[in-house]
Amino acid sequence: DIREVPGSKEHSDAGRRAVDDAIARLLDANGYADKYEIVQCAISEAKDYCDEGADLLIATTVAPEGLTCPYVSGVPFMTGMNRVAAEKAVLDVMAQ
């Protein structure tokens, strides 16, 4: 599971879809089609989802303390800045 966490209540549906779509395209293009599930959750739920076995948390906020799964910032998937590094981080986690 990959958890995508909206940055705030103001985080638009279009922004979430943009991050979801970018992650899905990245994973599909790198041989992970049909091998992942993207689930959206509130930032307050992120630690619990990690504890329950999520493989990766992608959030457009600061990583919550106490995460037990890897975190990648979702901001680069919205802005394009540092996107290559964020893509590599996602793929590195998936390769484990």
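Residues numbered from 1 in each chain as written. Predicted model: local features only at pLDDT ≥ 70, side-chain atom pairs only at ≥ 80, totals over all residues. Heavy atoms only, no water.

**Some words on the overall build of the protein**
Okay, so step 1: Along the backbone of the protein there are four helices and four strands.
Okay, so step 2: Beginning at the N terminus, the succession of helices and strands in the protein can be written as β-α-β-α-β-β-α-α.
Okay, so step 3: Going through the 96 residues of the protein one by one, you find that 39% of them count as buried.
Okay, so step 4: Look at the contacts in the protein between residues 6 or more apart in sequence, and 50% of them connect residues 24 or more apart.
Okay, so step 5: As displayed, the protein has an accessible area near 5400 Å², and 50% of this comes from carbon and sulfur atoms. (Helix = DSSP H or I, 4+ residues; strand = E, 2+ residues; numbered from the N terminus. Buried < 20%, exposed > 50% of the residue type's maximum accessible area, 1.4 Å probe, protein only. Contact = heavy atoms within 4.5 Å. Areas by Shrake-Rupley, 256 points an atom, 1.4 Å probe, with all protein chains shown as cover.)

**Notes on the state of the cysteines**
Okay, so step 1: Taken as a whole and judged by the stated rule, the model has one disulfide.
Okay, so step 2: Linked covalently through their sulfurs, Cys50 and Cys69 form a disulfide whose S-S length is 1.9 Å. Here the residue Cys50 occupies a position in helix α2 (residues 46-51), and Cys69 occupies one in the loop between β3 (56-59) and β4 (71-73), the gap between them amounting to 19 residues. An identical accessibility class is assigned to Cys50 and Cys69; each is buried.
Okay, so step 3: The closest cysteine sulfur to the non-disulfide-bonded Cys41 is located on Cys50, 7.9 Å from its own sulfur. (Disulfide = S-S within 2.5 Å.)

**A few points about the environment of Ala54**
Okay, so step 1: Mapped onto the elements of the fold, Ala54 is located in the loop between α2 and β3.
Okay, so step 2: Ala54 gets classed as buried once you look at its relative accessible area, which sits at 7%.
Okay, so step 3: Considered as a pair, Ala54 and Pro70 are 16 residues apart in the sequence and their alpha carbons are 9.0 Å apart.

**Considering the pairing of β3**
Okay, so step 1: Along β3, one buried face is formed by Leu56 and Ile58 and the opposite face, lined by Leu57 and Ala59, is buried too.
Okay, so step 2: As paired strands, β3 and β4 are joined by three bridges and run parallel to one another. Looking across to β4, one finds that Ile58 is bridged to Val72. (Pairing = 2+ DSSP bridges.)

**Concerning the nonpolar core**
Okay, so step 1: Counting residues in hydrophobic clusters, the biggest one holds 15 residues, and the most contacted among them are Ile23, Leu27, Leu56, Ile58, Val72, Phe77 and Val90.
Okay, so step 2: Counting only elements with at least two residues in this core, the list comes to α1 (13-29), β3 and α4 (83-95). (Core = buried A, V, L, I, M, F, W, Y, C linked by side-chain atoms within 4.5 Å.)

**Focus on unusual backbone geometry**
Backbone phi values are negative for most residues with the exception of glycine, while trans is the configuration of most peptide bonds.
Okay, so step 1: Positive phi is not limited to glycine here, since Asp34 has a value of about 65°.
Okay, so step 2: Tracing the chain through its elements places Asp34 in the loop between α1 and β2 (38-40).
Okay, so step 3: Residue Asp34 is classed as exposed on the basis of its relative accessible area, which comes to 81%.
Okay, so step 4: A positive phi angle, close to 65°, is found at Asn82, a residue other than glycine.
Okay, so step 5: With respect to the helices and strands, the residue Asn82 is situated in the loop between α3 (75-79) and α4.

Read these as spatial facts, not as claims about activity.
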